[in-house]
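Close look at the chain arrangement
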Amino acid sequence: MKIFKKIIDILNSWKDIDIWGDRNEGLSDDDIKYMDSIPSQNPYGVVGMIISGFAFLFPQYPFFVITLTFCIVTFFTFDKEKEDNPWTFIMGIILSLVGLLMFIKGEVHHLII
């Protein structure tokens, strides 16, 4: 349990990294305070939903194992006070499970152009 908590703490510390540079450049203090008060999306939920979409689109490859694990582990980084909703995680888990079901049944998407 301690290792799991340590992983979650590391993931939470990575959420605050601003990969786009200084996003508050040119804003007043009031604007920065207002933007920080607005709930945002959890970046891990968005990434989990996107990669779970690949697990759903390509069920012949076992992407679902990676995506399902990623979505479940990062679900615990969700903060109800700072972030909008957990639906990105839930949709990621559902898409991964559908990909798993399709993999077990041997089903694939047939693209008709």
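A brief report on the enclosed structure follows. Everything numeric in this text was worked out from a predicted model, so none of it was measured.

Here we take up the overall build of the chain. Looking only at helices and strands, one finds 5 helices and 0 strands in the chain. Listed by position from the N terminus, the elements making up the chain come as α-α-α-α-α. The C-alpha radius of gyration of the chain comes to 17 Å, more than 25% above the 13 Å expected for a compact globule of 113 residues. Structurally, the chain occupies a C-alpha span of about 55 × 45 × 20 Å along its principal axes. Here the chain holds 113 residues, and the buried ones make up 22% of them.

So, on to the environment of Phe-56. By the element assignment, Phe-56 lies in helix H3 (residues 43–57). For Phe-56, a relative accessible area of 27% gives the class partly exposed. Each C-alpha atom, one on Phe-56 and one on Lys-82, is 29 Å from the other, the two residues being 26 residues apart in sequence. Excluding its chain neighbours within four sequence positions, the residues that come into contact with Phe-56 are Leu-95, Val-98, Gly-99, Met-102 and His-109.

It is worth spelling out the packing of aromatic side chains at this point. Geometry of an aromatic ring pair is reported as the spacing of the ring centres plus the angle between the planes. Enumeration over the complete set of coordinates arrives at 7 aromatic pairs. Relative to Phe-103, the ring of Phe-64 has its centre 5.2 Å away and its plane inclined at 50 degrees; by these criteria the two rings are tilted. Here Phe-64 is found in helix H4 (residues 63–74), whereas its partner Phe-103 is found in helix H5 (residues 87–105), with 39 residues between them in sequence. Assessed through its relative accessible area of 38%, Phe-103 is described here as partly exposed. Each residue in the set Phe-75, Phe-76, Phe-78 and Phe-89 is aromatic and connected to the rest through ring pairs, giving one cluster.

A surface patch of nonpolar side chains, amounting to about 640 Å² of accessible area, comprises Val-46, Ile-50, Phe-54, Leu-57, Phe-58, Tyr-61 and Phe-63. Of the residues forming the nonpolar patch, the biggest block, 4 residues, is contributed by H3. Take Tyr-61: it is sitting in the loop between H3 and H4. Tyr-61 gets classed as partly exposed once you look at its relative accessible area, which sits at 46%.

About the criteria used
Residues numbered from 1 in each chain as written. Predicted model: local features only at pLDDT ≥ 70, side-chain atom pairs only at ≥ 80, totals over all residues. Heavy atoms only, no water. Helix = DSSP H or I, 4+ residues; strand = E, 2+ residues; numbered from the N terminus. Rg over C-alpha atoms; globule rule 2.2 N^0.38 Å. Buried < 20%, exposed > 50% of the residue type's maximum accessible area, 1.4 Å probe, protein only. Contact = heavy atoms within 4.5 Å. Phe/Tyr/Trp six-rings, centres within 6.5 Å; stacked < 30°, edge-to-face > 60°. Patch = residues over 30% accessible without salt bridge, like charges linked within 9 Å, V, L, I, M, F, W, Y side chains within 5 Å. Areas by Shrake-Rupley, 256 points an atom, 1.4 Å probe, with all protein chains shown as cover. Salt bridge = Lys/Arg side-chain N within 4 Å of Asp/Glu carboxyl O.

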